[in-house]
Amino acid sequence: GRVLCSTPLNIETAMSPQQSSVLEDPGVGAETVDLFVPGRVCLFGEHSDWAGQYREENAEIPVGYCILSGTHEGLYARAELHPTHLKLQCRLSDDTTHTAEWEATPENLQELAKRGEWYSYICGVLLVFQQQYLPENSQCRGLILDNYKTTLPVKKGLSSSAAVCVLVARALGQLHSLGLDIRQEMDLAYHGEIQTPSRCGRMDQGCAYGPEKVILMTFDGPELHVEPIEPLPTKKDEAESIELILVDLHASKNTPAILSGLQEGYPFAKTDIQKGVHYLLGEFNHSLQKRALRALQQCNAQELGQCMADAQASFDEYAMPACPAHLTSPVLHKVLTYPPLLPHIWGGKGVGSQGDGSAQLVAKSQHDRDQVIAILERDLGMSCISLSLGGKKPDATSRAK
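Residues numbered from 1 in each chain as written. Predicted model: local features only at pLDDT ≥ 70, side-chain atom pairs only at ≥ 80, totals over all residues. Heavy atoms only, no water.

Draft legend 1. Focus on helix α11 (residues 366-380). Taking 1.5 Å per residue, 15 residues should reach 21 Å; α11 reaches 21 Å between its end C-alpha atoms and fits that length. The set of residues buried in α11 consists of Asp368, Arg369, Val372, Ile373, Ile375, Leu376, Glu377 and Leu380. Where α11 begins, the side chain of Ser365 points an oxygen toward the backbone nitrogen of His367, at a separation of 3.3 Å. Taken from the residues just after α11, Gly381 is the one with a positive phi, measuring 65 degrees. (Helix = DSSP H or I, 4+ residues; strand = E, 2+ residues; numbered from the N terminus. Expected span 1.5 Å × (residues − 1). Buried < 20%, exposed > 50% of the residue type's maximum accessible area, 1.4 Å probe, protein only. Polar contact = N/O pair within 3.5 Å; in protein donor to acceptor, adjacent residues only side chain to side chain.)

Draft legend 2. How the structure looks around the nonpolar core. Counting 102 residues, the largest nonpolar core has Leu43, Phe44, Ile67, Leu86, Leu145 and Met217 as its most contacted members. By residue number, the principal contributor to this core is helix α4 (residues 160-175), which donates eleven residues. Among the nonpolar cores identified, the runner-up in size contains 19 residues, and Val335, Leu361, Leu380 and Cys384 belong to it. (Core = buried A, V, L, I, M, F, W, Y, C linked by side-chain atoms within 4.5 Å.)

Draft legend 3. Structural view of the environment of Ser314. For Ser314, the location among the structural elements is in helix α8 (residues 301-318). The exposure class assigned to Ser314 is buried, which follows from its relative accessible area of 10%. Separated by 34 residues in the primary sequence, Ser314 and Leu280 have C-alpha atoms spaced 7.0 Å apart. Among residues more than four places away in sequence, those in contact with Ser314 are Leu280, Phe284 and Ala319. (Contact = heavy atoms within 4.5 Å.)

Draft legend 4. Main features of the pattern of salt bridges. Considering all chains together, one arrives at 13 salt bridges under this definition. Between Lys349 and Glu46 there is a salt bridge whose closest N-O contact spans 2.9 Å. In this pair, Lys349 is assigned in strand β11 (residues 345-350) and Glu46 in the loop between β3 (33-44) and α1 (48-53), connecting sequence segments 303 residues apart. Glu46 carries the same exposure label as Lys349, and that label is buried. Note that Asp95 is salt-bridged to Arg91, the shortest N-O span being 3.5 Å. Residue Asp95 is classed as partly exposed on the basis of its relative accessible area, which comes to 45%. Salt bridges here are not isolated pairs; linked through shared partners, they connect Glu243, Arg369 and Asp370. (Salt bridge = Lys/Arg side-chain N within 4 Å of Asp/Glu carboxyl O.)

Draft legend 5. Quick look at empty space enclosed by the protein. Applying the stated criterion to the full structure yields one cavity of 30 Å³ or more. When its volume is computed, the largest cavity comes out at roughly 100 Å³. Around the largest cavity sit Phe44, Gly45, Glu46, Leu280, Leu281, Phe284, Asn285, Leu288, Ala311, Phe315 and Lys349, which together line it. Those elements giving two or more residues to the lining of the largest cavity turn out to be α7 (272-297) and α8. When residues in the lining of the largest cavity are grouped by element, the largest group, five residues, is from α7. (1 Å grid on protein atoms, 1.4 Å probe; cavity = no way out; pocket = protein on both sides within 12 Å on 5 of 7 lines; lining within 4 Å. Points joined across faces, edges and corners; volume = space filled by probe spheres on them.)

Dropping the structure here:
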């Protein structure tokens with residue numbers, strides 16, 4: 001069942017999926033909103049978000065650029081306001097369901113956010129909302145959130161934590177009728193997430209733009225710019241789409257350790273390894289982004305795959321030495337070089353902070369995409385998500401073990 005606590009102690013309980021929703025315990029009888037927020041995959045430019053933010057301290061660091069796409073997998077939820085408490089029910093992607101309940105005081109929310117648990121991201125966003133957005137005449141400081149379905153894998157480089165934060169930011173904005181635009185939702189989500197031990201950059205909140213939306217994000221110190229990417233007109237009646245496969249490597253990664261290793265040379269590089277990381281996230285990334293943008297606009301899957309292969313080779317050369325324990329990534333490299341896959345793909349690379357979390361592959365066709373998924377599931381026991389970019393978009397599919 002649920003546990004009510006006025007102090008942030010012993011607050012998590014597990015329950016079976018058959019138990020009742022927290023929304024059956026009404027808040028103030030106010031509006032209920034239905035929400036969906038997808039994950040996001042960073043196609044190119046991972047780590048350039050936080051690197052570009054260091055321009056405030058070192059103007060010689062180049063502007064950061066990354067290209068993102070929303071996924072079809074994500075978080076489904078219903079939410080309504082509560083006058084005093086935060087009441088949560090979250091069903092995770094492994095079908096476990098957790099509930100918790102606290103008085104939504106700033107002191108409680110701050111302490112809970114620092115714990116780095118599944119509920120911490122929600123508490124962090126609500127805390128920042130209370131501090132910066134809550135209308136003075138509001139009678140509701142709390143929230144009831146029923147995250148009744150999650151199809152997005154966690155800790156796989158698909159920004160599951162950022163999706164939670166955007167979900168809560170969007171719920172609060174809608175329920176309080178604040179009319180927040182996407183950029184404001186992203187800002188609230190970001191400042192909520194950094195109340196937790198997570199040290200995300202500004203890239204992750206790009207999931208707010210929705211499934212299959214491809215965007216270019218630019219990071220210049222504190223400034224963030226977002227530009228949608230659309231395929232160029234084609235003479236064909238139906239341009240072929242670019243078929244991506246996102247692969248859950250069923251291994252593990254340590255994002256905090258990866259960030260610590262790469263950020264050691266910022267804002268000023270002192271060693272050759274640190275200078276290599278600066279080159280990778282700066283000059284090399286700039287040239288790569290131009291090629292990748294052109295390939296995406298022209299729906300050129302072969303060139304996009306080659307861009308991914310080149311990106312991974314340079315990441316291995318310049319980033320791996322900065323954190324060899326976590327970026328050697330044996331499972332990732334096994335997939336990228338697995339002989340039965342090679343006839344069906346144009347190229348691939350790691351996802352997110354890299355490490356052995358997820359891979360992304362560019363298939364040569366829809367038929368090849370299906371072959372790749374079958375091989376990975378049969379031979380390596382891995383689960384996949386497919387994503388179509390550009391052209392006439394078929395329904396994306398999800399296959400999980």
